[in-house]
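As a plain string of letters, each chain reads:
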Amino acid sequence: SAVISQKPSRDICQRGTSLTIQCQVDSQVTMMFWYRQQPGQSLTLIATANQGSEATYESGFVIDKFPISRPNLTFSTLTVSNMSPEDSSIYLCSVLGYPNEKLFFGSGTQLSVL
Amino acid sequence: GIQVEQSPPDLILQEGANSTLRCNFSDSVNNLQWFHQNPWGQLINLFYIPSGTKQNGRLSATTVATERYSLLYISSSQTTDSGVYFCAVASWGSARQLTFGSGTQLTVLP
């Protein structure tokens, strides 16, 4: 299984600011995803991070709010822009294993917006 | 998109008891996985099981793809089994993106 390092592990931010979350994988992976988990809720897919091209966003998520970079097959960033208290959530990086297609998660970023 | 329903939403057990968690889904799937989110938020992949039966220690899972459900069995539960159990599925043509159910919150009492 892949080892996924995500940072920061938690942060408290002011309204209107932005936070960039980093995700580093110890091996090259094709499929990398970003999920959001709102308090007490399930996981919702934000986007698929595509290497060398624009991310593919799910309904309800837009690039201006959640810009994603993926410069290579082991690294991705998610930025939460112009934050409001409604953005307070856990943000999770995940990768799809090969060839067994199991999904593995980083330890998550607990974001609180004041 | 595909719908995923998990039951029960909450479950409280005494240590040593057995339990069965259920996951129903609305369409044919080519990927089904079970996860455990511990009280510290870490998600652990328990099973990749789009069909058939698998066992790992005290945990086992069965997916009946033709009837669109999966079951997770926990035997001789321990307090460390507490947390939220999620089922996640991907249907054919979904670009391998998993949709998560709402989860079952399990509490095992000593």
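Going by the structure above, here's the rest.
For clarity, every value in this text was computed on a predicted model and none was experimentally measured.

Please set out unusual backbone geometry residue by residue, giving values where relevant.
Lysine 7 of chain A connects to proline 8 of chain A through a cis peptide bond whose omega is 5 degrees. Within the fold, proline 8 of chain A resides in the loop between strand 1 (4–7) and strand 2 (10–13). The amide bond that connects serine 7 of chain B to the next residue, proline 8 of chain B, takes the cis arrangement and shows omega of -10 degrees. Of note, proline 8 of chain B is situated in the loop between strand 1 (4–7) and strand 2 (10–14). One non-glycine residue, asparagine 82 of chain A, lies in the positive phi region at around 45 degrees. Secondary-structure assignment places asparagine 82 of chain A in the loop between strand 8 (75–80) and strand 9 (89–96). Assessed through its relative accessible area of 54%, asparagine 82 of chain A is described here as exposed.

So, the interface of chain B and chain A: which residues are in play, and what are the values?
Contacts between the two partners involve 16 residues from chain B, matched on the other side by 20 residues from chain A. When chain B packs against chain A, close to 1600 Å² is buried across both sides, 52% of that on carbon and sulfur atoms. Our count for the chain B to chain A interface comes out at zero salt bridges. Taken together, the links from chain B to chain A amount to nine residue pairs in polar contact (both at pLDDT 80 or more). Counting residues per element, the ones that place at least two in the side of chain B that touches chain A are strand 4 (29–37) and strand 5 (43–48) of chain B. Sorting elements by how many residues they give to the side of chain B that touches chain A places strand 4 of chain B first, with four residues. Grouping the amino acids of the side of chain B that touches chain A by side-chain chemistry returns seven nonpolar, eight polar and one charged.

Give a description of the pairing of strand 4 of chain B that names residues and reports values.
All names here are of chain B. Most of strand 4 is tucked away: eight of the nine residues are buried. With eight bridges joining them, strand 4 and strand 9 (residues 83–91) adopt antiparallel strand pairing. Residue histidine 36 lies in a different strand from strand 9, and its bridge partner there is tyrosine 85. Between strand 4 and strand 5, which pair antiparallel in sequence order, lie five residues; one of them, glycine 41, sits at a positive phi of approximately 95 degrees.

Procedures and definitions
Residues numbered from 1 in each chain as written. Chains lettered and ligands numbered in written order. Predicted model: local features only at pLDDT ≥ 70, side-chain atom pairs only at ≥ 80, totals over all residues. Heavy atoms only, no water. Helix = DSSP H or I, 4+ residues; strand = E, 2+ residues; numbered from the N terminus. Buried < 20%, exposed > 50% of the residue type's maximum accessible area, 1.4 Å probe, protein only. Contact = heavy atoms within 4.5 Å. Buried area = accessible area lost by both parts, 1.4 Å probe. Salt bridge = Lys/Arg side-chain N within 4 Å of Asp/Glu carboxyl O. Polar contact = N/O pair within 3.5 Å; in protein donor to acceptor, adjacent residues only side chain to side chain. Nonpolar A, V, L, I, M, F, W, Y, C, P; charged D, E, K, R; others polar. Pairing = 2+ DSSP bridges.

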